[in-house]
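Chain by chain, the residues:
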Amino acid sequence: MPIPPRPHTYRCPACHWSKTVAPRSDALVYGIDYFPACPACGHSPLETQAASPVQVSLAKLAKQIKLLIR
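As a convention, each chain's residues are numbered from 1 in the sequence order in which they are written. Note on the predicted model: pLDDT of at least 70 is required for a residue's local features to be given, and 80 or more for side-chain atom pairs to be given and counted; whole-chain, interface and lining totals, by contrast, use all residues. The side-chain figures draw on all heavy atoms in the structure; neither hydrogens nor water molecules are used.

Enquirer: Would you mind going over the side chain of Thr20 with me for this structure?
Expert: Note on conventions: DSSP H or I runs of at least 4 residues are helices, E runs of at least 2 residues are strands, and numbering of each starts at the N terminus. Within the element layout of this structure, Thr20 appears in strand S2 (residues 18-21). Burial classes follow relative accessibility: with a 1.4 Å probe on protein chains only, a residue under 20% of its type's maximum area counts as buried, one over 50% as exposed, and anything between as partly exposed. By relative accessible area, Thr20 is classed as buried at 17%. Each polar contact in these results corresponds to two N or O atoms within 3.5 Å; when the atoms are within protein, one needs to be able to donate a hydrogen and the other to accept it, and residues that are neighboring in sequence are counted only if both atoms are side-chain atoms. Here Thr9 takes part through its side chain, which lies 2.9 Å from a polar atom of the side chain of Thr20. The criterion used for residue contact is that any of the two residues' heavy atoms lie within 4.5 Å. With sequence-adjacent residues up to four places away left out, Thr20 is seen in contact with His8, Thr9, Ala51, Gln55, Val56 and Ala59.

In structure tokens:
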């Protein structure tokens with residue numbers, strides 16, 4: 001049975017890019033659920049921390065809005 005990882009936030013210390021991800025399964029997709037380097041400036045490694053409930057809610061809402069816009 002797949003168990004999704006806990007939601008977390010990636011943050012770039014160089015350019016301050018950030019993204020909160022809440023994976024729906026344990027199959028992580030590069031560039032959507034997993035970021036080894038900053039997509040904006042290429043800095044590596046990124047800082048990661050557990051996402052707060054507010055950050056998780058906003059990330060899920062943003063994902064739903066993207067689906068509606070398509």
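More follows now that the structure is in view.
Enquirer: In this structure, what is going on with a nonpolar patch on the surface? I would like to understand it.
Expert: A patch consists of residues whose relative accessible area exceeds 30% and which take part in no salt bridge; residues with like charges are grouped when within 9 Å of each other, and nonpolar side chains (Val, Leu, Ile, Met, Phe, Trp, Tyr) when within 5 Å. Surface accessibility in these figures is a Shrake-Rupley result with a 1.4 Å probe; residues are shielded only by whichever protein chains are displayed. We define a salt bridge as a side-chain nitrogen of Lys or Arg found within 4 Å of a carboxyl oxygen belonging to Asp or Glu. There is a patch of nonpolar side chains on the surface, built from Val54, Leu58, Leu61, Ile65 and Ile69 and spanning about 510 Å² of accessible area. Residue position: Leu58 is located in helix H1 (residues 53-69). Given the relative accessible area of 53%, Leu58 is considered exposed.

Enquirer: Honestly, the pairing of S2 in this entry has me stumped. Any pointers?
Expert: Look at any regular strand and the pattern is simple: side chains alternate between the two faces of the sheet. Pairs of strands are assigned from DSSP output, requiring at least two bridges between the strands. Pairing geometry for strand S1 (residues 8-11) and S2, over four bridges, is antiparallel. Within the sheet, the bridge partner assigned to Arg11 lies in S2 and is Ser18. Following S1, the chain reverses through six residues before pairing antiparallel with S2; His16 in that reversal takes a positive phi of roughly 70°.

Enquirer: I keep staring at the sheet that holds strand S3 (residues 47-50) and nothing clicks. Help me out?
Expert: Taken together, the three strands give an open sheet; going across it, the order is S2-S1-S3, and neighbouring strands pair in antiparallel fashion. Each edge of the open sheet carries a strand with a single partner, namely S2 and S3. Each neighbouring strand pair of the sheet contributes to a mean axis angle of 20°, computed without reference to strand direction. Along the sheet, H1 contacts S1, S2 and S3; its crossing angle with S2, the most-contacted strand, is approximately 90°. Here, axes are lines fitted to C-alpha atoms. For helices the fit covers the stretch in contact, and angles between N-to-C directions go from 0 to 180 degrees.

Note that every value here comes from positions in space, so none of it alone points to a role or purpose.
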